[in-house]
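Each chain, letter by letter, is given below.
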Amino acid sequence: MRPKFFPFLLICFSLAFTLYAEEEIIATRDQKLSLSRSDSVPEERMAEEGDGYMEGYVQALIDAHYYEYNVLVYVQDRVVYLYNLPNNELVANSIIAFVNDMPNVDRVELGKEAFPERELELQEETIGRSKVKGVWFPQSTLLYQPMIANPRNPVNSVEYRIGDDVLGNISIGVSLGDVFPIFRWRDVFPAGGDLQLDIEGCAWSVFNMWADDNPNGEIAELMNTDYLCGLPLTYAFDKWAFRLRVYHISSHLGDEFLAKRPGYQRKNPSMEALDFFTSFQVNEMFRVFVGPGWVFHSDSTYRLSPFYIEYGAELRVPGFRSYYHQLYGAPFVAVFFRNWQACKWRLDTNINIGYEWSKLQGIGRKIRLLLDYHDGYSDGEFFKMDSRFFGVKATYGY
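Residues numbered from 1 in each chain as written. Predicted model: local features only at pLDDT ≥ 70, side-chain atom pairs only at ≥ 80, totals over all residues. Heavy atoms only, no water.

Trainee: For this particular structure, what's the right way to read the nonpolar core?
Mentor: As a rule of thumb, nonpolar side chains are buried together in soluble globular proteins. Counting 22 residues, the largest nonpolar core has Val58, Ile62, Tyr66, Val80, Leu82 and Val99 as the members making the most contacts within it. Put simply, the parts of the chain that give this core at least two residues each are α3 (51–65), β1 (72–76), β2 (79–83) and α4 (89–100). Not counting the four nearest positions on each side in its chain, Val80 is found in contact with Val58, Val73, Tyr74, Val75, Val99, Val105, Arg107, Val108 and Glu109. Grouped together as the second largest cluster of nonpolar side chains are 16 residues, Cys202, Leu228, Ile249 and Tyr308 included. (Core = buried A, V, L, I, M, F, W, Y, C linked by side-chain atoms within 4.5 Å. Buried < 20%, exposed > 50% of the residue type's maximum accessible area, 1.4 Å probe, protein only. Helix = DSSP H or I, 4+ residues; strand = E, 2+ residues; numbered from the N terminus. Contact = heavy atoms within 4.5 Å.)

Trainee: Would you explain the packing of aromatic side chains in this entry?
Mentor: How two aromatic rings sit relative to each other is set out by the distance from centre to centre and by the angle between their planes. Across all of its chains, the model carries 20 aromatic pairs by this definition. Taken together, a centroid distance of 4.7 Å and an interplanar angle of 70° make the contact between Trp136 and Phe183 edge-to-face. Pair noted here: Trp136 is in strand β4 (residues 134–136) and Phe183 is in strand β6 (residues 168–188), with a separation of 47 residues, a long-range link. A network of ring pairs unites the aromatic residues Phe189, Tyr235, Phe237, Trp240, Phe242, Phe276 and Phe280 as a single cluster. A cation over a ring is seen here: Arg245 above Tyr247, with NZ or CZ 4.0 Å from the ring centre. (Phe/Tyr/Trp six-rings, centres within 6.5 Å; stacked < 30°, edge-to-face > 60°. Lys NZ or Arg CZ within 6 Å of the ring centre and 35° of its normal.)

Trainee: What's the story with the sheet that holds β2 in this structure? I'm lost.
Mentor: Strand pairs in the sheet, formed through backbone hydrogen bonds, run parallel or antiparallel to each other. Taken in spatial order, the three strands of this open sheet run β1-β2-β3, and their pairing is mixed. Looking at strand neighbours, the two that pair on one side only are β1 and β3 (107–110), the edges of this open sheet. Going from strand to strand, the sheet's axes swing by 25° on average, the running direction of each strand aside. Of the pairings in the sheet, the one linking β1 to β2 comprises five bridges and is antiparallel in character. In the sheet register, Val73 faces β2, and the bridge partner there is Leu82. Here α3 sits on the sheet in contact with β1 and β2, set at roughly 155° to β1. Those strands touched by α4 are β2 and β3, and its axis lies near 145° from that of β3. (Pairing = 2+ DSSP bridges. Axes fitted to C-alpha atoms, helices over the stretch in contact; angles between N-to-C directions.)

Trainee: Is there a simple way to explain the environment of Ser94 in this structure?
Mentor: Tracing the backbone shows Ser94 in helix α4. Separated by 267 residues in sequence, Ser94 and Gln361 have C-alpha atoms that sit 5.0 Å apart. Contacts of Ser94, omitting those with residues within four sequence positions, involve Tyr66, Leu360, Gln361 and Ile363.

This is how it looks when you write it as structure tokens:
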């Protein structure tokens, strides 16, 4: 029986969880907690040393965590003034939240008006001397944030699945992958955004657990492994982000699957494709994205019709701060939809709800624990077969 009610239950649960978390955030922000980013420097020392000491401390931490952006800091009467913030709302909000969490900071102001003229000249001269056309191997974040409900998001993960009639009623899905930023060009094009070249790679495998008649009595039958290699070129400014990507995916049946089915005629679901995604960060909580794609080559044994479109949205409550663990946390709900010409344009749906932790608010690498609901199509050689399952998943990556 097709569990059509699952998506509605997940969305209702996620909205209730989000509202509860938002109330907890408001309550937490009204408290002055004893642990903060000053663990290595007592708050009393910060207060005694005055504005100059605090200014150096804040500047050093920003340079350590957001070194790509050359943000300038000035402190006066415990008010921190930030100048030269990046033209990327998600990153700028992350930096502001980072400073707000520091000890003895009364508030954060933006702009260069409060900087003493001579100091501003010296700071800008330093930035001018050090500023190059770009940054090699930027690490703080990706310009195009990952679409976390996308089952082909390159990330490290493990998932326990129930109910999949294609790859196993009880199965384990694992992935090993990452996005590797190579070079970021700063302040390019009329919008003044950043342009970045990345390399991405990932492998996804699914194991059918406790299947009958496995060779040599194994409890896990490797069903399928997919491999991805891609070259994304991303651009971001203000609330917008864009990704142009050329990529290759190939699929391979597992050895236990083939050993159990002698004479099975394997096909080669291999393809090269191009896609272009646009993402808009509506506000701190809500993001939408859409992208068309074109399969310009597929293997002769597994021909694919060329066109597809993928789209979705993410809702999260940003800025919940665990002062004890010095981590940001956020509950989220994410949806990802696909319509492929190869599957007669029928809808493929993924819904995730869960919680994520990161060192920086809104950006950087994260650990996520989530519930996953899939209703659409399967993987690899089974790509055109109906598949639906419910899963519990843990991920680490962007």
